[in-house]
Amino acid sequence: PVTYYVVGDDNTIFPNGWNMGDGTNMTYDSNDNNYSWTSDQVQLTAGTNYEYKVLGDDGSWSPGEGQPNASFSVTVSGTYTVKITRNSDGTVSHTLTLIDAVPLYIEGSEGLGLQWGYAPTTAMTYDTETGYYTYTYTVEHDGTYNFMFGNGQGTSWDDFNANYRIGPQSGDQAIAPSG
C-alpha cells in the first residue's frame, strides 16, 4: 500500500512543518481503509487558521495539487487532541477534541463576590457541552453590579486592565436583578 504523510504550517502540531521530504507518517487502518495521524496535548489559539496537506509516497496530494490546503481553526484557545485522516475516497478530514480550555477571568463588584483591583482575579468555569464560560454567584442585594473579563490574572487592577482585559473595551458591563 501507499504510505501517507501529513505536513502543515505549525511545528507545534505538525512536527516537521511543511518539509515535504520529512512529513509525519500516518497509520493505516485496514478496517476502514483510512490513514490517520494524531497529536495530543497541542496548544491551539482561537481565531488562528492552521493549514495542512496529506502526501502519498506515490506522488498524490490530498487535497489535490493546486487546490487550497485543508485547514481548521478553533473558537476557544486551549489544549487539544488533533486527528488528521486521509479517508479511503482520497478526501481529508480532521477531528479536534478540547482537553482543557484556557481560563477566562472575571473582575467586578463586591456584590458579585468579586473585588475590583485585588489579585488574583477569579477564574470562570468552561463548560465543554455548551461552549460557554460561566461564573455563578447568588446576589443578595438589589443594585447594579459591574464586571469585566480578562484572559489572564493580573497582579493588580492596573496590570489586569492594561494587559489582560478583553471585554468590554469601554466601560464595564453592568447587570441588575430583575423581577
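Predicted, not measured: the structure shown is a model, and the values here were computed from it.

A. Region of interest: the side chain of N87. Turning to its location among the elements, N87 is positioned in the loop between strand 8 (78-86) and strand 9 (92-101). The residues touching N87, leaving out its near neighbours within four places in the chain, are N34, V92 and S93.

B. Broad picture of the packing of aromatic side chains. Per the counting criterion, the structure on display carries 8 aromatic pairs. With a centroid separation of 5.5 Å and 25 degrees between ring planes, the pair formed by Y50 and F72 is classed as stacked. Of the two residues, Y50 sits in strand 5 (residues 50-56) while F72 sits in strand 7 (residues 70-72), which places them 22 residues apart along the sequence. Note on accessibility: Y50 and F72 belong to one class, buried. A ring pair is formed by Y52 and F72, whose centres lie 6.1 Å apart and whose planes are at 45 degrees; its orientation type is tilted. Separated by 20 residues along the polypeptide, Y52 in strand 5 and F72 in strand 7 bring together distant segments of the chain. As far as burial versus exposure is concerned, Y52 and F72 are alike and both buried. Taken together, F14, W37, Y50, Y52 and F72 form an aromatic cluster joined through their ring pairs.

C. A look at the pairing of strand 10 (residues 105-108). Burial along strand 10 is two-sided: the face carrying Y105 and E107 and the face carrying I106 and G108 are both buried. Here strand 10 runs beside strand 11 (residues 122-123); their pairing, made up of 2 bridges, is antiparallel. Counted as the bridge partner of I106 is T122 from strand 11. Sheet topology places strand 10 next to strand 14 (residues 145-150); 4 bridges connect them, and they run antiparallel. Bridge pairing in strand 14 places G108 opposite F147.

D. Layout of the layout of surface pockets. Its boundaries defined by the atoms lining it, the largest pocket holds a volume of some 170 Å³. Lining the largest pocket, in full, are A46, T75, V76, S77, V102, P103, L104, Y126, G131, Y133, N151 and I166.

E. Quick look at the sheet that holds strand 3 (residues 27-29). Taken together, 4 strands build an open sheet; the order of strands is 3-4-8-9 and the sheet is antiparallel. Strand pairing shows two members of the sheet lacking a second neighbour, strand 3 and strand 9, which therefore form its edges. Each adjacent strand pair in this sheet contributes to an overall mean axis angle of 25 degrees, direction not counted.

F. Geometry of the nonpolar core. Grouped together as the largest cluster of nonpolar side chains are 21 residues, with contacts concentrated most on I13, F14, M26, L44, F72, V82 and I84. Of all the secondary structure elements, the ones that give two or more residues to this core are strand 1 (4-8), strand 4 (34-44), strand 5, strand 7 and strand 8. Counting residues per element, this core draws most heavily on strand 4, at 4 residues. With sequence-adjacent residues up to four places away left out, M26 is seen in contact with Y4, Y5, V6, Y35, S36, W37, V54, I84, T85 and R86. Counting 7 residues, the second-largest nonpolar core is a separate cluster that includes L104, I106, L112 and F147.

G. Representation of the environment of T79 within the structure. One can find T79 in strand 8. Remark: the alpha-carbon pair of T79 and T97, spanning 18 residues in sequence, is separated by 8.6 Å. Excluding residues that lie within four positions of it along the chain, T79 makes contacts with Q41, V42, Q43, T97, L98, I99 and D100.

H. Representation of the pairing of strand 9 in the model. As defined by bridge partners, strand 8 adjoins strand 9 across 9 bridges and the pair is classed as antiparallel. Bridge assignment links K83 to a residue of strand 9, and that residue is T95. As consecutive antiparallel partners, strand 8 and strand 9 are separated by 5 residues, and within that stretch G90 has a phi angle of approximately 90 degrees, a positive value.

Quick notes on the rules
- Residues numbered from 1 in each chain as written.
- Predicted model: local features only at pLDDT ≥ 70, side-chain atom pairs only at ≥ 80, totals over all residues.
- Heavy atoms only, no water.
- Helix = DSSP H or I, 4+ residues; strand = E, 2+ residues; numbered from the N terminus.
- Contact = heavy atoms within 4.5 Å.
- Phe/Tyr/Trp six-rings, centres within 6.5 Å; stacked < 30°, edge-to-face > 60°.
- Buried < 20%, exposed > 50% of the residue type's maximum accessible area, 1.4 Å probe, protein only.
- Pairing = 2+ DSSP bridges.
- 1 Å grid on protein atoms, 1.4 Å probe; cavity = no way out; pocket = protein on both sides within 12 Å on 5 of 7 lines; lining within 4 Å.
- Points joined across faces, edges and corners; volume = space filled by probe spheres on them.
- Axes fitted to C-alpha atoms, helices over the stretch in contact; angles between N-to-C directions.
- Core = buried A, V, L, I, M, F, W, Y, C linked by side-chain atoms within 4.5 Å.

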